[in-house]
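# Fold and contact review
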Amino acid sequence: MSTKQLVLMIYGGYLILLSIITFFMYLADKKKAEKGKWRIPEKVLLLSSFLGGAFGGYPAMLLFRHKTKGEHWYFTFVNVLGIMLHVAALIVLAFVIKWN
């Protein structure tokens, strides 16, 4: 296995794992909101999405209709920005960097 393949596999695994975790964080926060219980802080949801979990966070937002109202526009912004950032990183890792 080449270095490039290893890096892409590790990064891809990281994105998949964090996306699954983020998806379930949004679900848990929605359920807690419906029950009036303690919530997951917005900054935790946003940071998780930005750092690679947006591939799970954005679909969770849409699927559970969570944080999609006008006053929470920044959730859509951060999730879309996170997706663009990590797609760009994958493109750079796969096609731009010249691996030995």
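These figures come from a predicted structure and were not determined experimentally.

### Things to note about the packing of helix H1 (residues 3–35) against helix H2 (residues 42–64)
At a minimum axis distance of 7 Å, the contact between H1 and H2 shows a crossing angle of 60°. Taken together, the axis directions place H1 and H2 in an arrangement best described as oblique. Of the two elements, H1 crosses H2, and the hand of that crossing is right-handed. Of the residues belonging to the contact of H1 with H2, the class tally is 15 nonpolar, 8 polar and 2 charged.

### Quick word on the pattern of salt bridges
Across all of its chains, the model carries 3 salt bridges by this definition. For the salt bridge of Lys31 with Glu34, the shortest nitrogen-to-oxygen distance reads 4.0 Å. Here the residue Lys31 and the residue Glu34 both occupy positions in helix H1, the gap between them amounting to 3 residues, near one helical turn. One salt bridge connects Lys67 with Glu42, and the closest N-O pair in it is separated by 2.9 Å. With Lys67 in the loop between H2 and helix H3 (73–96) and Glu42 in helix H2, this residue pair connects regions lying 25 residues apart in the sequence. Assessed through its relative accessible area of 28%, Glu42 is described here as partly exposed.

### Side note on H3
Between its terminal C-alpha atoms H3 stretches 33 Å, which fits the 34 Å expected from 24 residues at 1.5 Å a residue. Among the residues of H3, those classed as buried are Phe75, Val78, Asn79, Gly82, His86, Leu93 and Ala94. Those residues of H3 that are buried lie in contact with H1 and H2.

### Looking at H1
Given a rise of 1.5 Å per residue, 33 residues ought to cover 48 Å, and the 48 Å separating the end C-alpha atoms of H1 matches this to within 8%. Buried within H1 we find Tyr11, Leu15, Leu18, Ser19, Thr22, Met25, Tyr26, Asp29 and Lys30. Once H1 finishes, Gly36 follows within two positions and takes phi at roughly 70°, a positive value.

Scoring rules and cut-offs
Residues numbered from 1 in each chain as written. Predicted model: local features only at pLDDT ≥ 70, side-chain atom pairs only at ≥ 80, totals over all residues. Heavy atoms only, no water. Axes fitted to C-alpha atoms, helices over the stretch in contact; angles between N-to-C directions. Helix = DSSP H or I, 4+ residues; strand = E, 2+ residues; numbered from the N terminus. Parallel < 35°, antiparallel > 145°, perpendicular 65-115°, else oblique. Left-handed = near helix turned anticlockwise from the far one by under 90°. Nonpolar A, V, L, I, M, F, W, Y, C, P; charged D, E, K, R; others polar. Salt bridge = Lys/Arg side-chain N within 4 Å of Asp/Glu carboxyl O. Buried < 20%, exposed > 50% of the residue type's maximum accessible area, 1.4 Å probe, protein only. Expected span 1.5 Å × (residues − 1). Contact = heavy atoms within 4.5 Å.

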